[in-house]
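# Reading the structure
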Amino acid sequence: MSDQPISRREFLRLSATLAAGSVLAACAPAATPVPTAAPTKAAAMSATAVPATTAAAMACSKGDICIKPTSVKLPKGAVTFRLLDSGDVKGVYWKKFFELYQKSYPNITCQYDGLGWNEIAKIVPLGVQNGNAHDCFSIPLGISPAQAIQEGWIRPLDDLIPDLDKVKAAFPPMSFVEGINMFGGKTYTFPLGTNQRSNTMLLFNQEQMQKAGYDPIGKPFTWDDFRAAAKKITEQGAGKYFGIIDGGAQLPRWGFLIGDLMRLNGGVSYVNATGAEGFLDLRKGEYIFTNDNYIGAIELLLAMKADGSFFPGFMSLNALQARANMGQGNAGMMLQGLWCIDTWRAENPNFKYAVALTPTQKGGGTYSPLHASAGGNVEWWLYAKSKVPEIVADIFCLRGTLEGQYAWNKIAGLGNPGIFPQAIETASDIPSDLKSLEMQFKMFRVGPTLAVRNPDIVKVDLERKAPTPSVEQVIQGLMSGQITGVKQAMQGVKDAYDKELDRALKAAKDKGANVSRDDYVFPNWDLTKDYTEADYKAIKK
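This section reports on the structure supplied with the text. (Residues numbered from 1 in each chain as written. Predicted model: local features only at pLDDT ≥ 70, side-chain atom pairs only at ≥ 80, totals over all residues. Heavy atoms only, no water.)

## Some details on the packing of aromatic side chains
Applying the stated criterion across every chain yields a total of 35 aromatic pairs. With 5.2 Å between their ring centres and 50 degrees between their planes, Y270 and F279 make a pair best called tilted. Of the two residues, Y270 and F279, both sit in the buried class. Its end group placed over the ring of F176, K168 keeps NZ or CZ at 4.9 Å from the ring centre. (Phe/Tyr/Trp six-rings, centres within 6.5 Å; stacked < 30°, edge-to-face > 60°. Buried < 20%, exposed > 50% of the residue type's maximum accessible area, 1.4 Å probe, protein only. Lys NZ or Arg CZ within 6 Å of the ring centre and 35° of its normal.)

Put into structure tokens, the structure is as follows:
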């Protein structure tokens, strides 16, 4: 394994590997959606530039999208702006937002692409390579912002927003964090949403669950309950519907599923993050892949597959397709996020769903918290070669106000709550939804962030490569039967991740970084509490 930093060619190759996911992912039936094409110069020039309307005069109530002038100077000529993210209910918001934005600024044409993560992992690297990436995009999963910066994918906002410090001051404490959304003192994006969102809430078909004789809300499931309920639902479905479904072709799903099933059982945890802290138990600085709970979670899903409880062909589905099948009554349970609910309401209005806690070994509502990093959800980034960077900055400013957060939550807040906690009131007017949100928030604590303690950790992330196969690919292989022997396979994963982290540390140190494996150990981390500034100060003593 080379000690050289990742090259552009290697970076693009890695991106393509992540995009392909695995051999299994290639079996997915869904065709790759085609994003909107980058505008040609002629097309842009053919548009008629019209002065902005008096947007400030727009009458807005709480929860309305209100396009008001910010401190950002927008282009006056005819331009086209393109945004790419993972869609779902976010797309509902953006389409409404852009409709109003174009009315306020008729010289700006907005194009939106909401695609699955597998497609994002293909389109973003390709767009960067061709110099026509979307002006604002989501970085593919598995690629850190630090790597994206090093490869010239994204650029900072500092020279675009005159009163940036004032704008940032309105955000909750610890929203802007070096190594998460700031790099080298520059602000690269706004944390417009909370990252305290579960990917694995138990979503279930009320009718099928009731017929099977289970009540996961009144009596939260143990793992045994979960398996038994899936088997019972499958039997009663008699081939018409099955106990459980998920998007097996979507690689990150396997990391979420197994990781959350493990973390909720207590004793060990890791912090959801894009850097090296992912999958590391930061109390000891050790990868969690050989933990008994982690192994047990994989064996649980393998047992459910052996029971015949999974929806046939689930290994070829992505998360969106799994959700669609669930809404059509083809499966009784699914472990995904609350963002599914808005889609079901729109596309399957007769589907009666409900939400319960993720199953745990003890059940009964007893669980250990999940952990997210400081710095919020950083989903949208400014393309380094965007010809209209001011529009991205303007949109971030509009979204980064309390008014903007109310508006976001009113449309997308159930599945993707904004980062301002006081704005959550507009997320829903349905009591069961608000209970689900409350349940989700209670599941989370803020965990340690490596770069807050030692900013040089970012230099290690720049050196670090995703081991091949990744942990998600190995779990996918186990579920498909292409790989056998859970413990042996996960020991191999742990060894590979340890070797790569040690290699990246050495490479960073050779270039002058002041880092060591000790930076990945936070012995004062209490899993039951938020990791605060006082904790960072205490560990430095």
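## A word on the packing of helix 3 (residues 89–104) against helix 13 (residues 389–399)
Two elements in contact, helix 3 and helix 13, have axes separated by 13 Å at closest approach and are oriented at 110 degrees. In terms of their interaxial angle, helix 3 and helix 13 are classed as roughly perpendicular. Helix 3 and helix 13 meet at a crossing whose hand is right-handed. Contacts between helix 3 and helix 13 involve Y93, W94, F97, F98 and Y101 from the first element and I391, D394, I395, L398 and R399 from the second. In terms of residue class, the contact of helix 3 with helix 13 is built from 8 nonpolar, no polar and 2 charged. (Axes fitted to C-alpha atoms, helices over the stretch in contact; angles between N-to-C directions. Helix = DSSP H or I, 4+ residues; strand = E, 2+ residues; numbered from the N terminus. Parallel < 35°, antiparallel > 145°, perpendicular 65-115°, else oblique. Left-handed = near helix turned anticlockwise from the far one by under 90°. Contact = heavy atoms within 4.5 Å. Nonpolar A, V, L, I, M, F, W, Y, C, P; charged D, E, K, R; others polar.)

## Focus: the sheet that holds strand 14 (residues 381–382)
In space, the 4 strands of this open sheet follow the order 2-1-3-14, with mixed pairing throughout. Each edge of the open sheet is held by one strand with a lone partner, namely strand 2 (108–114) and strand 14. Both strand 3 (residues 136–137) and strand 14 contribute to a ladder of 2 bridges, which runs antiparallel. Looking across to strand 14, one finds that C136 is bridged to L382. Contacting strand 1 (79–85), strand 2, strand 3 and strand 14, helix 13 runs over the sheet at an angle of about 55 degrees to strand 1. (Pairing = 2+ DSSP bridges.)

## A few points about helix 15 (residues 431–442)
In a regular helix each residue adds 1.5 Å, so 12 residues correspond to 16 Å; helix 15 covers 17 Å between its end C-alpha atoms and thus fits that length. Among all positions of helix 15, only D433, S436, L437 and Q440 are buried. Down the axis of helix 15, the smallest arc covering the buried residues is 100 degrees, so these residues share one side. The exposed residues of helix 15 that point more than 90 degrees off its buried face are P431, K435 and K442. (Expected span 1.5 Å × (residues − 1). Arc of directions from axis to C-beta.)

## Focus: the pattern of salt bridges
Between side chains of opposite charge, pairing is possible as soon as their charged atoms come close. Using the criterion set out here, one finds 20 salt bridges in the structure. Two residues, K103 and E99, come together in a salt bridge whose shortest N-O distance is 4.0 Å. Taken together, the positions of K103 and E99, both in helix 3 and 4 residues apart, correspond to about one turn of that helix. Judged by relative accessible area, which is 36%, E99 ranks as partly exposed. With a shortest N-O distance of 3.1 Å, D246 and R253 are connected by a salt bridge. Owing to a relative accessible area of 4%, D246 belongs among the buried residues under this scheme. Since its relative accessible area comes to 3%, R253 is described here as buried. (Salt bridge = Lys/Arg side-chain N within 4 Å of Asp/Glu carboxyl O.)

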